[in-house]
Amino acid sequence: DQRIEKQRLLVESLKKYKRGLFLSLYGNSDKNIILFKNIYDIASEGGTPSTLDPENYENGKLPFIKIDDLNQHYLTAAKYFITEKGLKKSSAWIVPENSIIYSNGATIGACSINKMPVTTKQGILGIVPKSNFSVEFLYFYFTSSLFKEKIRAITTKGTMDCAYLKDINNIKINIPNFIIQQKIAKVMVDFENLIERTEFALISLQNIKKALLQKMFI
């Protein structure tokens, strides 16, 4: 129990440290001011095919991303799918892999990198970065408190809050050069991997305890 508690505290400490790590690395780098619209080749919301037509969904093969999918760094699988017909009959579009999938409606700020081509519902942006921007760096920047503050400033309040792309496009952001972006992203990815290994060790300890208890009472 004591070993498990120490491991749990280590996990919490690493996660807390991670929140300040990006800001520290980012703050110590030289940066240039650009408009958000200049970081991508393509950016657009998706769309939801009509649920009244089952042919838009039955036996669909195209991954269809919803808000609840954006709770992880990488999108490697999907729970929902649409058909080619559903794609053509809606404003959904195929976002190429290694793009940013960003929620700009309802739960604003949820973010992932898709490791496969996907489509999205409305209220979720597909952002295809230009070649001189690191998609990993952009992920950490978009999920940072710095960018979240900028998004809050342009969010339109209503029945459902929304950060419209036309307003996001005019956000001024400070971005380091591509080499620095890659270096920062590598440190952050390596640190995330460290947290993952530490969490796995915690789960292993918890499983050992469970096995020991079962043996004690057999």
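In what follows, the structure referred to is the one given above.
Residues numbered from 1 in each chain as written. Predicted model: local features only at pLDDT ≥ 70, side-chain atom pairs only at ≥ 80, totals over all residues. Heavy atoms only, no water.

Backbone hydrogen bonds are what pair the strands of a sheet, in a parallel or an antiparallel way. Taken together, the five strands give an open sheet; going across it, the order is 2-9-6-7-4, and neighbouring strands pair in mixed fashion. What marks the edges here is a single partner per strand, and that holds for strand 2 (40–45) and strand 4 (74–75). Direction of pairing for strand 4 relative to strand 7 (residues 111–114): parallel, over a ladder of two bridges. Of the residues in strand 7, the one forming a bridge with Leu75 is Asn114. Taken strand by strand, helix 3 (residues 135–142) contacts strand 4, strand 6 (100–103), strand 7 and strand 9 (124–129), and its axis lies near 165° from that of strand 7. (Pairing = 2+ DSSP bridges. Helix = DSSP H or I, 4+ residues; strand = E, 2+ residues; numbered from the N terminus. Contact = heavy atoms within 4.5 Å. Axes fitted to C-alpha atoms, helices over the stretch in contact; angles between N-to-C directions.)

Before going further, it helps to spend a moment on the sheet that holds strand 3 (residues 62–65). Read across the open sheet, the three strands follow the order 5-3-8; overall the sheet is mixed. Of all strands in the sheet, those with a lone pairing partner are strand 5 (81–82) and strand 8 (119–120), marking the two edges. Here two bridges tie strand 3 to strand 5, and the two strands are oriented antiparallel to one another. For Leu62, the partnering residue across the bridge sits in strand 5 and is Ile82.

Let us now look at the environment of Phe22. Within the fold, Phe22 resides in helix 1 (residues 2–27). Counting along the chain gives 102 residues from Phe22 to Ile124, while the straight-line C-alpha distance between them is 24 Å. Contact partners of Phe22, with chain neighbours within four places excluded, come to Phe137, Phe140, Tyr141, Ser144, Ile184 and Met188.

Here we take up the pattern of salt bridges. Applying the stated criterion to the full structure yields twelve salt bridges. The salt bridge partner of Lys157 is Asp161, with a shortest N-O separation of 3.4 Å. A salt bridge links Lys166 to Asp167; the shortest N-O distance between them is 3.4 Å. Note on Asp167: relative accessible area 23%, which makes it partly exposed. (Salt bridge = Lys/Arg side-chain N within 4 Å of Asp/Glu carboxyl O. Buried < 20%, exposed > 50% of the residue type's maximum accessible area, 1.4 Å probe, protein only.)

What follows deals with the nonpolar core. Counting 36 residues, the largest nonpolar core has Phe36, Ile100, Tyr102, Ile127, Phe137 and Phe142 as the members making the most contacts within it. When residues in this core are grouped by element, the largest group, seven residues, is from helix 3. Residue contacts for Phe137: discarding those within four places in its chain leaves Phe22, Tyr26, Ile175, Pro176, Gln181, Ile184 and Ala185. In terms of nonpolar packing, the next biggest core, distinct from the first, is built from twelve residues, Leu70, Val95, Met116 and Ile124 among them. (Core = buried A, V, L, I, M, F, W, Y, C linked by side-chain atoms within 4.5 Å.)

Helix 6 (residues 178–216) packs onto helix 3 with a crossing angle of 70° between their chain directions and a minimal axis gap of 8 Å. When the axes of helix 3 and helix 6 are compared, the pair comes out roughly perpendicular. Taken as a pair, helix 3 and helix 6 cross one another with a handedness that is left-handed. The residues of helix 6 that touch helix 3, namely those facing Glu136, Phe137, Tyr139 and Phe140, are Gln181, Ile184, Ala185, Met188, Val189 and Glu192. (Parallel < 35°, antiparallel > 145°, perpendicular 65-115°, else oblique. Left-handed = near helix turned anticlockwise from the far one by under 90°.)

To continue, consider the side chain of His73. Locating His73 in the fold gives a position in the loop between strand 3 and strand 4. With a relative accessible area of 9%, His73 lands in the buried category. Among the polar contacts made by the side chain of His73, one reaches the side chain of Glu136 at a distance of 2.9 Å. At 2.6 Å, the side chain of His73 and the side chain of Glu192 are in polar contact. (Polar contact = N/O pair within 3.5 Å; in protein donor to acceptor, adjacent residues only side chain to side chain.)

All quantities given are derived from atomic positions and should not be read as evidence of function.
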